[in-house]
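Listed below, chain by chain, are the residues.
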Amino acid sequence: MAANSIFGTGGAIAGQTNTASAGTSLSVASTGIGNILFVPYYNAVGGNATLLNLTNTDVTNGKVVKVRFRGATNSDDVFDFTVLMSPGDVWTAKVAKGADGKAVLSTSDATVTLPAIPAGGQAFVTDRLPPTFTADQKAAQTLEGYIEILNVANVPPKFNPTAAVSGATLTIAAAAANGGTDNPLFTAIKHVNGVAPGSTTVNGAAYINNLKTALTTEATAVNAGLDVPSGGLYANWTVIDLANASVAWSGEATAVAANGTGRIVFSPQLDGAVDFNKATKLTADPLLRYSTTAATGAAITAANLTDPAVVPQYFDFPDMSTPYVGGAAGNTSTDLSYGAPIAQANELGYALAVSSIKNEYLTDTTISAFTDWTFSIPTRRYGVAVKYSSATPNFTRVLNTVATIPASTTEPLSGAGFNNSNASSLFFTATNTELSTHKILISTGDSSPLTFRDREERTVSTGFVFSPSTASSLKFNGEVSVLSFNAGGDTTPSVLGGSITRQDVTSAYKDGWANINIPGVAATGGAASAVAGSGEQNIAGAWTAVAHGLPIVGHAFTRATGPAVAGKSTNFGQTFRHRYTAAATR
């Protein structure tokens, strides 16, 4: 078991590099700079390509950064890797459709990645997609989705290790007055004349290779050259339609920041099964955790405890629900409660929750205008997922079920003698989610949620036609849902060319603005109360049986074509972030 979440003491051990206090909470950063980033949409459909720029604003420390691409339909992991960023570094990459139909990530950047990205690019992976899908269907699932980016650890220039890693020639001496010994891992990733030395030196190779091993305590993390993460990351994205006059849309990643340094949440970029008890403490993903048939309040026993639907691997960690703040100094995954990742997912959901979405649409046919809205729901995977099988049923909705009352850190869970708590997500429950063939639909909580207004104050909230859904009310289709306006159907041309989670809506108005009401579902509970030192966030006030909205981030994408000027095209694209009404109550 090499996945871990270590609440380190930071600079006091690792060379006084970090001065921020240990974090206790996470919140959306209005500055756009944070510890955890979320890119709400990537697209490699047809001639589209997505450009990603990731910046480390910390000019002192290197960063270990986990990057994970998830598919638009069910948030399946379709590609993940680790980036070792230099201080002040910018890492860049492009995602486009490859010859075999799958998305391919390519980069000419000199920053170290684990594993290394081949010169010709690396195709996305379809192993976690439905086994009943054809190769072409699986490939299509890689072309749209969203991106998770996590600062899992810092790499300080100096460190105070108690032992050198295997294969290194470094001799560990007493810490110098200037803050410790030169950190070989930092030296390996710090750019020299624009290039990271990487494994070109004996010590660099040894310390990079050591990231394949278990870091089970703060001391082993420090010996490996790591320190507690202090954030300082931001990212920008651009979707370019290279096939149609190079129209482009761009935006910024949503940033989540800790109110101090975070936990070291490093896990090797390798396969290999992770202990199920540890996995249940490290993620709220329903497919990677234990589940139980025990009713709320009933005892969890070996007889009613079910192994994870997908065997968790080292590369599955961390994710956005892995406990990132809180706990006692030096504690590790063993000290976490089974409800800790559910609590974090709920708190992130609350930080992003909205009760309505508002934006413009433009579909004037005289300028060939089209508008698509995207709705990305970053914490949905941590409340509900779809289990795939080659046997009937091929698709099964899976909700979270396991935490304990009272909150427990005891392992193994089946022998703990604790009762099952109401551990489901506060935003995604059996009430507002449904399985539609192979994907999850999410109700807004309003039977008539969508209201159109034109530019002359006229309004209408009935008479819409949704395609392809036969439901009378708008539902969010998949994890990243695309809604086109007045395109004439879900298979006709639109702005983004999306297909796997797209719906189309038709209205009498060609231009204006629209509002989607999203009260959400009334739910109580969440994870069990926190254990001292468990890493579980203490919720500031009880969750009450009121509608909490839904955690949604998205944009309006517009394309239009004007008359040619001096023989040149006047194609243009616009990107507008959604405006929201916050869901202010718990």
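Cut-offs used in this document
- Residues numbered from 1 in each chain as written.
- Predicted model: local features only at pLDDT ≥ 70, side-chain atom pairs only at ≥ 80, totals over all residues.
- Heavy atoms only, no water.
- Helix = DSSP H or I, 4+ residues; strand = E, 2+ residues; numbered from the N terminus.
- Contact = heavy atoms within 4.5 Å.
- 1 Å grid on protein atoms, 1.4 Å probe; cavity = no way out; pocket = protein on both sides within 12 Å on 5 of 7 lines; lining within 4 Å.
- Points joined across faces, edges and corners; volume = space filled by probe spheres on them.
- Nonpolar A, V, L, I, M, F, W, Y, C, P; charged D, E, K, R; others polar.
- pLDDT = per-residue confidence, 0-100.
- Pairing = 2+ DSSP bridges.
- Axes fitted to C-alpha atoms, helices over the stretch in contact; angles between N-to-C directions.
- Buried < 20%, exposed > 50% of the residue type's maximum accessible area, 1.4 Å probe, protein only.

**With respect to the overall build of the chain**
Scanning the chain for helices and strands turns up 7 helices and 36 strands. Relative to all contacts within the chain whose residues are 6 or more apart in sequence, the contacts with residues 24 or more apart total 77%.

**Brief notes about empty space enclosed by the protein**
Space left empty within the atom packing is revealed by a probe, the size of a water molecule, rolled over the atoms. The tally for this structure, following the rule as stated, stands at 1 cavity of 30 Å³ or more. Here the largest cavity is characterised by a volume of approximately 40 Å³. Around the largest cavity sit Ile-342, Ala-345, Asn-346, Thr-379, Tyr-382, Gly-383, Asn-400, Ser-425 and Phe-428, which together line it. Considering only residue class, the lining of the largest cavity consists of 4 nonpolar, 5 polar and no charged.

**Focus on the confidence of the model for the chain**
Across the chain, the average pLDDT comes to 87, with 87% of residues at or above 70. When the criterion is pLDDT under 50, residues 11–17 qualifies, and its contacts beyond four places in sequence or with other chains add up to 21 contacts. Ignoring residues within four places in sequence, the model shows residues 526–542, a span with pLDDT below 50, making 58 contacts including any to other chains.

**Section: the layout of surface pockets**
Taken as a whole, the largest pocket spans an internal volume of roughly 390 Å³. Elements with a contribution of two residues or more to the lining of the largest pocket: β5 (77–85) and β9 (122–123). No other element matches the 5 residues that β5 contributes to the lining of the largest pocket. Residue classes in the lining of the largest pocket are distributed as 10 nonpolar, 2 polar and 5 charged.

**Comments concerning the sheet that holds strand β4 (residues 62–71)**
Strand order in the open sheet made by the 7 strands is β1-β15-β2-β10-β4-β5-β8, with antiparallel pairing throughout. Edge positions in the sheet fall to β1 (26–28) and β8 (112–114), since each of these pairs with one other strand and no more. If you compare each strand with its neighbour and ignore which way they point, the axes differ by 25 degrees on average. Here strand β2 (residues 36–43) runs beside strand β15 (residues 254–258); their pairing, made up of 3 bridges, is antiparallel. Bridge pairing in β15 places Ile-36 opposite Val-256. Contacts from helix α7 (residues 340–352) reach β1 and β15 within the one sheet, and its direction differs from that of β1 by about 25 degrees.

**Here's the deal with the sheet that holds strand β25 (residues 439–443)**
Remark on secondary structure: sheet strands pair via backbone hydrogen bonds, oriented parallel or antiparallel. Taken in spatial order, the 3 strands of this open sheet run β24-β25-β29, and their pairing is antiparallel. The sheet is open, and its two edges are formed by β24 (433–436) and β29 (475–477), each paired on a single side. Averaged over all neighbouring strand pairs, the angle between strand axes comes to 30 degrees, with direction disregarded. Sheet topology places β25 next to β29; 3 bridges connect them, and they run antiparallel. By the bridge assignment for β29, Leu-441 is matched with Asn-477.

**Details of helix α4 (residues 202–209)**
What α4 keeps buried is the set Asn-203, Gly-204, Ala-206, Tyr-207 and Ile-208. Buried-residue contacts for α4 involve β8, β11 (158–159), α3 (184–189) and α5 (218–223).

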